[in-house]
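Residue-level structural notes
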Amino acid sequence: MHVLLELLVVSARVALSFAVAALRWLRPRAPKSVLHEVCLVTGAARGLGRLFALELATRGVDTLVLWDVDGEGNEETAALARGAAADAGVACPRVLAYTCDVSKRVDVYRVAGLVRRDAGDVTLLVNNAGVVSGRPLLDCPDELLERTMAVNLHALFWVTKAFLPAMLEKNHGHMVTIASSLGLFSTAGIEDYCASKFGAVGFHESLSHEIKAMERDGVKTTLVCPYLVQTGMFHGCRMRKEVETYVLPPLQPEKCVQQAMRAILTDQPVLCMPRLIYLVVFIKSILPWEAVVAMYRFLGADKCMYPFFEECKRRTNNNQEL
Ligand SMILES: NC(=O)C1=CN([C@@H]2O[C@H](COP(=O)(O)OP(=O)(O)OC[C@H]3O[C@@H](n4cnc5c(N)ncnc54)[C@H](OP(=O)(O)O)[C@@H]3O)[C@@H](O)[C@H]2O)C=CC1
Ligand SMILES: CC1=C(/C=C/C(C)=C/C=C/C(C)=C/C=O)C(C)(C)CCC1
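So, how was this worked out
Residues numbered from 1 in each chain as written. Chains lettered and ligands numbered in written order. Predicted model: local features only at pLDDT ≥ 70, side-chain atom pairs only at ≥ 80, totals over all residues. Heavy atoms only, no water. Helix = DSSP H or I, 4+ residues; strand = E, 2+ residues; numbered from the N terminus. Rg over C-alpha atoms; globule rule 2.2 N^0.38 Å. Buried < 20%, exposed > 50% of the residue type's maximum accessible area, 1.4 Å probe, protein only. Contact = heavy atoms within 4.5 Å. Areas by Shrake-Rupley, 256 points an atom, 1.4 Å probe, with all protein chains shown as cover. Pairing = 2+ DSSP bridges. Right-handed = clockwise from strand over helix to strand, strands pointing away. Polar contact = N/O pair within 3.5 Å; in protein donor to acceptor, adjacent residues only side chain to side chain. Axes fitted to C-alpha atoms, helices over the stretch in contact; angles between N-to-C directions. Parallel < 35°, antiparallel > 145°, perpendicular 65-115°, else oblique. Left-handed = near helix turned anticlockwise from the far one by under 90°. Core = buried A, V, L, I, M, F, W, Y, C linked by side-chain atoms within 4.5 Å. Salt bridge = Lys/Arg side-chain N within 4 Å of Asp/Glu carboxyl O.

What follows is about the overall build of the protein. A count of helices and strands for the protein gives eleven helices and seven strands. Scaling as 2.2 N^0.38, a compact globule of 322 residues should have a C-alpha radius of gyration of about 20 Å, and the protein matches this with 20 Å. Each principal axis of the C-alpha distribution contributes one length, and for the protein these read about 60 × 50 × 35 Å. Counting the 322 residues in the protein, one finds 46% classified as buried. Long-range pairs, those at least 24 residues apart, make up 73% of the contacts in the protein between residues at least 6 apart in sequence. Looking at the protein as shown, the accessible area adds up to about 17,100 Å², and 59% of this sits on carbon and sulfur atoms.

Rendered as structure tokens:
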């Protein structure tokens, strides 16, 4: 095709994608069925991972596979998931809980083998496990910095390599990455976390392009970038009072997971929560650096992690694990 003609076709496609996006906003797609899916959630022992497990259970998935380093919490989630399915009146899914440290590639490949043996191929993968060191770079032991990268970023390589090939082969599946708004913009003192989450966003985008380039349109991807969620992971993170009260209050975990589930089940490629985050990303990319700094100071976003660090220090002094 002549290049000008091709350009015309692409422009029409771009215009059409705007129209479709607007239409979807007004009239969202019906959620797809997960009745025959084998779903795996990492970091399922608590927080968002546990809530994803419960949501999937109530939607009647065929098999629910739960991974976490915390075996006890993971078993608790499994029991809750069975109960949630019963309460919702759906057929109880097969729920399989495995203790797995996703940062250890040997562990991931070993447990993935057990999953394939027990449940078959995974068709919906929620990469959710995550950690935060709770210390700024210069105060943070090297081992904790490495752990952040290993759990939040490197684990995505291993888990994806374990389960994506079967999805590609069948041209059916869904890869979900729970990244963060801190994978799109940053603030002071959480260098390792931001590096890992910016990495997770880059990883997910590249993988999505690769799946498109391979023309495996039956394999969907969803990137989830939430703002602060009240799971306890970032307990103490504070901004200017007016901002956190009226403009950007922390997200409720249940609402956050419900919204993410809706995005997954309607094959939405990206979800930032709340919507204001899209605006923050846009503004950050067009403002000069000094303007960004001034905006951060005004919103109390420049030192919003400092009370969180104090909280982590207090917990460590009380010998509570991070
Ligand atoms: N909370 C927030 O404000 C936000 C969180 N996120 C992201 O959402 C995801 C879930 O966060 P949230 O639920 O709040 O966090 P939680 O700390 O409540 O839960 C994380 C879970 O992941 C598990 N986990 C940690 N390391 C590993 C590992 N190596 N292998 C397997 N499992 C592991 C944890 O186990 P254990 O408890 O034993 O460590 C825990 O059960 C994370 O990726 C986080 O970065 C994104 C935006 C905002
Ligand atoms: C920096 C910044 C903000 C605050 C962001 C915060 C506090 C994000 C916390 C996110 C968390 C905890 C993510 C975990 O994965 C605002 C007010 C949006 C405005 C612009 C810059």
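Regular strands place side chains that alternate from one sheet face to the opposite one. Of all five residues making up strand 1 (residues 38–42), five are buried, and the element is well covered by its neighbours. Here strand 1 shows no split at all, with Val38, Leu40 and Thr42 on one side and Cys39 and Val41 on the other all buried. By the bridge criterion, five bridges tie strand 1 to strand 2 (residues 63–68) in an arrangement that is parallel. The partner of Thr42 across the bridge, within strand 2, is Trp67. In terms of handedness, the path from strand 1 via helix 2 (residues 47–58) over to strand 2 forms a crossover that is right-handed. Pairing of strand 1 with strand 4 (residues 124–127) involves three bridges; the strand directions are parallel. Its bridge partner being in strand 4, Leu40 is matched across the sheet by Leu125.

If you trace the backbone, Asp70 turns up in the loop between strand 2 and helix 3 (71–88). A sequence separation of 31 residues divides Asp70 from Asp101, and the C-alpha atoms of the two residues are 8.8 Å apart. At 2.9 Å, the side chain of Asp70 forms a polar contact with the backbone nitrogen of Gly73.

This brings us to the packing of helix 2 against helix 3. Closest axis-to-axis distance for the helix 2/helix 3 pair is 8 Å, and the angle between their directions is 30 degrees. With respect to helix 3, the axis of helix 2 lies roughly parallel. The handedness of the crossing between helix 2 and helix 3 comes out as right-handed. On the side of helix 2, the interface is formed by Arg50, Ala53, Leu54, Ala57 and Thr58, while helix 3 contributes Gly73, Glu76, Thr77, Leu80, Ala81, Ala84, Ala85 and Ala88.

In terms of nonpolar packing, the biggest core is built from 95 residues, with Phe52, Leu64, Trp67, Val115, Phe163 and Met305 touching the most fellow members. If one sorts the elements of this core by residue count, helix 5 (residues 142–170) sits on top with eleven residues. Once residues within four sequence positions are removed from consideration, Val115 is found in contact with Val65, Trp67, Tyr98, Gly120, Val122 and Phe163.

Attention now goes to the pattern of salt bridges. Applying the stated criterion to the full structure yields 13 salt bridges. Two residues, Arg59 and Glu55, come together in a salt bridge whose shortest N-O distance is 3.1 Å. What makes Arg59 partly exposed here is its relative accessible area of 33%. Notably, a salt bridge pairs Asp121 with Lys170, separated by 3.3 Å at the nearest N-O pair. Of this pair, Asp121 sits in the loop between helix 4 (105–119) and strand 4 while Lys170 sits in helix 5; the two residues are 49 residues apart in sequence, bridging distant segments of the chain. Of the residues examined, Asp121 reaches a relative accessible area of 28% and is grouped as partly exposed. When its relative accessible area of 47% is taken as the criterion, Lys170 is described as partly exposed. Here the salt bridges do not stand alone but share partners, grouping Arg29, Lys32 and Asp267 into one network.

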